[in-house]
Amino acid sequence: MKTIDKSDKILNKYRQYLMLEKSLSSNTIDSYLFDLVKLLDYLKEEGIHYLDVTIDDLETFSAQLRDLNICPRSQARILSGIRSFYRFLLMEDHLQSDPTEFLESPQTGFHLPEVLSLDEIDNLINNIDLSTNEGQRNRTILEVLYSCGLRVSELCNLKLSDLYLNEGFIKIEGKGSKQRLVPISPRAIKELQHYFIDRNRTTIKPGFEDYVFISKRGKNISRIMVFHIIKELADSIGLTKNISPHTFRHSFATHLLEGGANLRAIQAMLGHESIGTTEIYTHIDKHMLRSQIIEHHPRNIKQKNNNKLL
């Protein structure tokens, strides 16, 4: 994999900016720089320095991404990283104006994520076999995923020292090592307390004593294992929806919005840096609202009844 020119002081300063000021993780920084290299390689072939780039150069580069059959979502991600770089150059006074200001991203389309009803979530949780050694642990995993709206990585890395159960909060370290406090429901607290009885009988490997959810091997549970738990459980009850750990997070946010929660509060709970990311749930809510109107509006009910008579 190609990397940025380590002799270039500006590029190295940009890396430091992402790490120190933006507080991004090393994996996220690598992704930003990997995408930036695509532009730098293109400019090198064209004999253009990145400080001399024009909007025309960027639009030609964007067109090349399309010609290479890179999917619209990936195109949008690459261009977003390039915008970040040029905003940095402008902020550091390397440029007088931002050449990406009018650079358009491709339309990625809108996909409504799968959402579970409360009954479906309860059905999944209530059908876990508590007679098995992992039963209560798995029940607690699903309840915490849903009650707190966690990413699966946040759940797997949750630590005992991050639990403030008496106060009704847990501390989460999200993307970019950013921390947030998330309220935890009384039901999730009760499931945790039941699980701790089993956990105290588990042999835990040195270095993993502080992790909440422990696997058979004595280490913190993995993302893949959580995926398997949910998939097997869905299959066992005949749930046909395509679900994953993230489905519980989507369902959590959707149910909050339907219950009247403020969008900013949902943003804080989910740990979204931008309110724009959270606004996807307003689309979900509108989608569900339309379904309810279609189903229950008197004119539609009358039409259904007429159709039955035909």
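For the structure, check the block above.
The structure reproduced in this document is the subject of the present report. (Residues numbered from 1 in each chain as written. Predicted model: local features only at pLDDT ≥ 70, side-chain atom pairs only at ≥ 80, totals over all residues. Heavy atoms only, no water.)

1. So, the nonpolar core
Short version of the rule: In this description, a nonpolar core means a group of buried Ala, Val, Leu, Ile, Met, Phe, Trp, Tyr and Cys residues linked to one another through side-chain atoms lying within 4.5 Å. Note on exposure labels: buried denotes an accessible area under 20% of the residue type's maximum, exposed denotes more than 50%, and partly exposed covers the range between, all computed with a 1.4 Å probe on protein chains only. Strands here are runs of E lasting at least two residues and helices are runs of H or I lasting at least four, both read from the DSSP assignment and numbered beginning at the N terminus.
Counting 46 residues, the largest nonpolar core has Leu124, Ile141, Leu142, Ile170, Phe213, Val226 and Phe248 as its most contacted members. Broken down by secondary-structure element, the contributors of at least two residues to this core are helix H5 (118-126), helix H6 (135-148), helix H7 (152-156), strand E2 (169-173), helix H8 (186-199), helix H9 (223-236), helix H10 (245-258) and helix H11 (263-270). Sorting elements by how many residues they give to this core places H6 first, with six residues. Core analysis: the second largest hydrophobic core is formed by 27 residues, Ile29, Leu33, Tyr86 and Leu103 among them.

2. Considerations on the side chain of Gln75
Stated precisely, the cut-off is as follows: Any N or O atom pair separated by 3.5 Å or less is treated as a polar contact, with the protein-specific requirement of one donor-capable and one acceptor-capable atom, and with residues adjacent in sequence counted only for side-chain atom pairs.
Counting through the fold element by element, Gln75 comes out in helix H4 (residues 72-91). Under the relative-accessibility criterion, Gln75 is labelled buried at 3%. There is a polar contact of 2.6 Å between the side chain of Gln75 and the backbone oxygen of Ile70.

3. Some thoughts on the environment of Gln16
Turning to its location among the elements, Gln16 is positioned in helix H1 (residues 9-21). The partly exposed category is assigned to Gln16, whose relative accessible area is 46%. Separated by 13 residues in sequence, Gln16 and Ile29 have C-alpha atoms that sit 9.5 Å apart.

4. Here we look at the environment of Ala234
Going by this rule: Residues count as neighbours in contact if any of their non-hydrogen atoms are within 4.5 Å of one another.
In this structure, Ala234 sits in helix H9. Classification of Ala234 by relative accessible area gives buried; the value is 4%. In this structure the C-alpha to C-alpha distance between Ala234 and Leu124, which are 110 residues apart in sequence, comes to 6.8 Å. What Ala234 contacts, discounting residues up to four positions off in sequence, is Leu124, Leu239 and Ile243.

5. Some thoughts on the pattern of salt bridges
Note the threshold: For this analysis, a salt bridge means a side-chain nitrogen from Lys or Arg found within 4 Å of a carboxyl oxygen belonging to Asp or Glu.
Scanning the entire structure with this criterion turns up 11 salt bridges. Close ionic contact of Lys13 with Glu92 constitutes a salt bridge, the shortest N to O distance being 3.0 Å. Here the residue Lys13 occupies a position in helix H1, and Glu92 occupies one in the loop between H4 and H5, the gap between them amounting to 79 residues. In this structure, Arg180 engages Glu154 in a salt bridge whose closest nitrogen and oxygen atoms are separated by 2.9 Å. Taken together, the residues span a long stretch of sequence, with Arg180 in strand E3 (residues 179-183) and Glu154 in helix H7 at a distance of 26 residues.

6. Quick notes on the packing of helix H2 (residues 26-46) against helix H3 (residues 55-67)
Our working definition: Interaxial angles span 0 to 180 degrees and are taken between N-to-C directions of axes, which are lines fitted to C-alpha atoms, for helices over the stretch in contact. Working rule for angles: under 35 degrees goes down as roughly parallel, over 145 as roughly antiparallel, 65 to 115 as roughly perpendicular, anything else as oblique. Definitions for this section: a left-handed crossing has its near helix turned counterclockwise from the far helix by less than a right angle. A right-handed crossing has that turn clockwise.
Contact geometry for H2 and H3: axes closest at 11 Å, N-to-C directions at 110 degrees. When the axes of H2 and H3 are compared, the pair comes out roughly perpendicular. In terms of crossing hand, the pair formed by H2 and H3 is right-handed. For the pair H2 and H3, the contacting residues are Lys38, Leu39 and Tyr42 in the first and Asp57, Leu58, Thr60, Phe61 and Gln64 in the second.

7. Points about the packing of H5 against H6
Inclusion rule: When residues are sorted by character, Ala, Val, Leu, Ile, Met, Phe, Trp, Tyr, Cys and Pro go into the nonpolar class, Asp, Glu, Lys and Arg into the charged class, and all the rest, Gly among them, into the polar class.
Where H5 meets H6, the axes come as close as 9 Å, and the angle between the chain directions of the two elements is 160 degrees. Of the possible angle classes, the one that applies to H5 and H6 is roughly antiparallel. Residues Leu118, Ile121, Leu124, Ile125 and Asn126 of H5 lie in contact with H6, whose contacting residues are Arg139, Leu142, Glu143 and Tyr146. Considering only residue class, the contact of H5 with H6 consists of six nonpolar, one polar and two charged.

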